[in-house]
Amino acid sequence: MANLTTEFLGFQCKNPVGVSSCDFGETEWEAGRVIEHGIGWLTGKTIHKIDGPHHWPRPFFYSLKKFGPDLKDVWVCSQMFSHIPYDEWMSSEGPKIVKKCHDNNVMFIGSIGAAGDDADVWSTHMRDMASIGVDAIELDTGGPHATFGAELDQLDCGAPQAMDPEKSGKIIGICSKAVDTPIIFKATPQCVNQAAVSHAVANAGAAAITANNSLYGTWIDHETGTFYGGPYAVGGLMGRPWQIFSLAKLLETTASLKGFPIIGVGGIFTWDDCVRYMMAGATVTGLCSAVYSRGVGVLKKAIEGMDAFMDRKGYKSTKDFYGMVVDDFGYVRDWPREEWMAKKSPILPKVYEDKCTGCGTCETVCPYGAIAMEDGLPKVDEDVCMGCGWCMGHCPVKDGGAIDMIRTDTGKVVWTGRGVHDKWVLDYPQA
Ligand SMILES: Cc1cc2nc3c(=O)[nH]c(=O)nc-3n(C[C@H](O)[C@H](O)[C@H](O)COP(=O)(O)O)c2cc1C
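Thresholds applied
- Residues numbered from 1 in each chain as written.
- Predicted model: local features only at pLDDT ≥ 70, side-chain atom pairs only at ≥ 80, totals over all residues.
- Pairing = 2+ DSSP bridges.
- Helix = DSSP H or I, 4+ residues; strand = E, 2+ residues; numbered from the N terminus.
- Axes fitted to C-alpha atoms, helices over the stretch in contact; angles between N-to-C directions.
- Domains from an automatic or database assignment.
- Parallel < 35°, antiparallel > 145°, perpendicular 65-115°, else oblique.
- Left-handed = near helix turned anticlockwise from the far one by under 90°.
- Contact = placed C-beta atoms within 7 Å.
- Buried ≥ 20, exposed ≤ 12 C-beta atoms within 10 Å, placed from the backbone.

**Considering the sheet that holds strand S20 (residues 403-407)**
The antiparallel open sheet is built from 3 strands, whose spatial order is S17-S20-S21. The open sheet is flanked by strand S17 (347-351) and strand S21 (413-415), the only strands paired with a single partner. Within this sheet the neighbouring strands show an average axis-to-axis angle of 50 degrees, counted without direction. Two strands pair when backbone bridges link them, and S17 and S20 are joined in this way by 5 bridges, in the antiparallel orientation. When the sheet's bridge partners are listed, Lys350 is paired in S20 with Asp404.

**A few points about the domain arrangement of the protein chain**
Here the domain parsing of the protein chain yields domain 1 (6-328) and domain 2 (336-427). Once you take the C-alpha centre of each, domain 1 and domain 2 turn out to be 41 Å apart.

**A look at the packing of helix H4 (residues 119-131) against helix H5 (residues 165-178)**
Following both chains from N to C, one finds H4 and H5 inclined at 45 degrees, their axes separated by 8 Å at the closest point. With respect to H5, the axis of H4 lies oblique. Seen from above, H4 lies across H5 with right-handed handedness. Mapping the contact onto sequence places Ala119, Trp122, Ser123, Met126 and Arg127 in H4 and Ile171, Ile174, Cys175 and Ala178 in H5.

**What about unusual backbone geometry?**
The general pattern is negative phi for most residues beyond glycine and trans for most peptide bonds. Following Ala211, the chain continues into Asn212 via a peptide bond in cis, with omega recorded as 25 degrees. With respect to the helices and strands, the residue Asn212 is situated in the loop between strand S10 (208-211) and strand S11 (215-217). You will see that Leu9, though not glycine, has its phi angle at about 50 degrees, which is positive. Position of Leu9 relative to the elements: it lies in the loop between strand S1 (6-8) and strand S2 (11-13). For Leu9, a count of 20 C-beta atoms within 10 Å gives the class buried. Even without being a glycine, Asn105 presents a positive backbone phi close to 55 degrees. Counting through the fold element by element, Asn105 comes out in the loop between helix H3 (93-103) and strand S7 (107-112). What makes Asn105 exposed here is the crowd of 12 C-beta atoms within 10 Å.

Pasting the structure below:
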């Protein structure tokens, strides 16, 4: 059995899998339901003293699964910060959750939300939260709800506090000076300059960053000609596919702030999603909407799956795969241009006729019309093919497929449909 123990902000988490801020960190009862599935850490539901639109009394969760199998785990979530009054939570559920977590060797991170950047407000909240014995405090600076169509200066809470390096740094500076407890900044994927915000909060004293809170979305029921679900149109967008975006945003931080402690969150449903986030530089990883969509059992499955994966790969500790891909992170804009782009592709699909079943999928999906089935086998028009790899990625034949991408000058395989494409462009004379 692999050793999943992961050090995070001085706490030896028994494993890196936890639950990010939501209902499961609001009451002792809810916390118990996830703790019994073996998690290493838990973040509390965001506690606050804000009146008005931030304080939504009742959650609306509406699943989109009836609109098609591709929307299976996708849902829209409308829930604001905690409905439990601040003082009541601080004197009752808060201390009980801390005890429950510590009795079970689970790290507990308290979560606080506040509007604006008032030093007194934030400092008092930090001291209150620290006084109940939490192991760290996360600021819900990333929540999407306050940005729903509002001017930033009207609803200065959640995501608007995580988009501007100056403002984010100011809030973190106030909080980190107020207490000795480590302060965690929660990022929003809506931020277009996540690297700059991450540097600002790290310089201002943040001990870690949680990346990310959610995006937001809406859905229309075409049969009724109305919005679907909750009585208002827009809510947090939940689901595994959103991981693709959250992961890229996380890498904006991890590639520029190497080794900084990170809680990876966003669309994590399975053990391999956790591994993916850790390879991208997350120290620990959190599930949230997966626990709602698929039940608390996903947590144990994620922990056991990671354990089995580490055994299979021979990883002795989570450090063995932490940050593995970070140095290779890049954007298409930084990639060299090639002379041949408009002419004939130097990369072409090679079809292994003995493996090909003649299903014709490659012909169907080729966006350039470069493949035609002839006598039950795909024939590639080399003058039309762009070498994009789409046919390879769609080939349904098991164990590597019936197509590899090869370079025409050497015949060398540059992509087999697993891992990353060979950096072949670098060997060609550049434009
Ligand atoms: C029902 C629900 C309630 C949430 N409440 C909070 C909250 O109070 N504070 C917060 O920082 N994030 C909150 N979140 C956001 C999650 O912690 C997480 O950042 C986000 O959902 C992305 O992770 P996921 O894709 O695994 O759900 C909530 C999410 C859900 C689904």
